[in-house]
Amino acid sequence: MRVDVYPTVLNIPPAEDLAGRVAVVIDVLRATTTICTALANGADTVVPILTPEEAFQVAADNPDRMFLLGGERKAVLIPGFNYGNSPLEYTEARVKGRPILFTTTNGTRAIRRAAGADRVYIACLLNAPAVARELARLEQDVAICCAGTHDQFSLEDTACAGAILHFLAAAGAPVETNDMGVVARDLFREYDGRLGDLVHLSEHGQRLAKLGLQEDLLFCAQLGRLTILPVFTEGQVVLPD
Ligand SMILES: O=C(O)[C@H](CS(=O)(=O)O)OP(=O)(O)O
Ligand SMILES: [Mg+2]
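Residues numbered from 1 in each chain as written. Chains lettered and ligands numbered in written order. Predicted model: local features only at pLDDT ≥ 70, side-chain atom pairs only at ≥ 80, totals over all residues. Heavy atoms only, no water.

Caption draft 1: Layout of the coordination of the magnesium ion (ligand 2). Every protein donor of the magnesium ion (ligand 2) is listed here as Asp 27 (OD) and Leu 29 (O), and their distances to the metal cover 2.0 to 2.1 Å. The exposure class of Leu 29 is buried, given its relative accessible area of 2%. (Donors = N, O, S within 2.8 Å, 3.2 Å for Na, K, Ca; no water. Buried < 20%, exposed > 50% of the residue type's maximum accessible area, 1.4 Å probe, protein only.)

Caption draft 2: Spatial organisation of the layout of surface pockets. A volume near 170 Å³ is recorded for the largest pocket. If you list the elements that add at least two residues to the lining of the largest pocket, you get α7 (155-170) and α10 (203-210). (1 Å grid on protein atoms, 1.4 Å probe; cavity = no way out; pocket = protein on both sides within 12 Å on 5 of 7 lines; lining within 4 Å. Points joined across faces, edges and corners; volume = space filled by probe spheres on them. Helix = DSSP H or I, 4+ residues; strand = E, 2+ residues; numbered from the N terminus.)

Caption draft 3: Quick look at the pairing of strand β4 (residues 68-73). The element β4 is largely enclosed, with a buried count of five among its six residues. Pairing of β4 with strand β6 (residues 99-103), which is carried by four bridges, proceeds in the parallel orientation. By the bridge assignment for β6, Leu 68 is matched with Ile 100. With two bridges joining them, β4 and strand β5 (residues 76-77) adopt antiparallel strand pairing. Looking at β5, one finds that Glu 72 is bridged to Leu 77. Following β4, the chain reverses through two residues before pairing antiparallel with β5; Lys 74 in that reversal takes a positive phi of roughly 55°. (Pairing = 2+ DSSP bridges.)

Caption draft 4: Molecular detail of helix α8 (residues 179-191). Compared with the 18 Å implied by 1.5 Å per residue over 13 residues, the 19 Å span of α8 between its first and last C-alpha is a close match. For α8, the full list of buried residues reads Met 180, Gly 181, Ala 184, Arg 185, Leu 187, Phe 188 and Tyr 191. When α8 is viewed along its axis, its buried side chains cluster within an angular range of 160° and face the same direction. Opposite the packed face of α8, turned more than 90 degrees from it, sit the exposed residues Asp 179 and Glu 190. The inward-facing, buried residues of α8 contact β1 (2-6), α7, β9 (176-177) and α9 (195-201). Of the residues one or two after α8, Gly 193 is the one with positive phi, at around 95°. (Expected span 1.5 Å × (residues − 1). Arc of directions from axis to C-beta. Contact = heavy atoms within 4.5 Å.)

Now the structure itself:
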């Protein structure tokens, strides 16, 4: 099987190039980690939205749905939203059974851009081994779509892509990859066992640390904490039955 890695939102192939492939969208810091955590804690659905204005509009148009509003701009809470973009905010007590409208700078854009694939998985370090096992089972070609940060390469998303390649190889999948995939796999293997160091070293990790969000970094670096396989389908991220 062929598994190509794309480093930023801007590199995600157009819908016609994703057709026939499975996509995996990664934004370790922090959108996909937060989405996975919210769903693991019982959120009904997470709807990736491009702008805060659109989120307010969807909520206003659907008062019966009782949407929570989540996300960030410049890494902080959007005025009028319920929660920001920290996975630690999305506790079971707050999100169980609730649908969430979610907009972030990089991650939700990446998810929306990957929509043309046959199936779109949402991944982060927490569920990367589980996603790799599922990809090995499917034996379909894969596009690993890293969100990156502000349209630039990011260390943490690349390492997560590398983790998926590493665990695919561990599952015995015969994988061919692109140059970005080779770099990603080597990066993960270099930092396997000390992913917290890598997340702290990353540019975005340092920015979040300066905002006092060190706990988010520790949380987002936990490899294999979850086995869920969230999919983006019909405009929302859900856990399939
Ligand atoms: O909240 C985050 O960690 C980032 C914010 S930014 O990159 O500093 O603008 O958003 P995300 O979409 O989760 O990368
Ligand atoms: Mg990010």
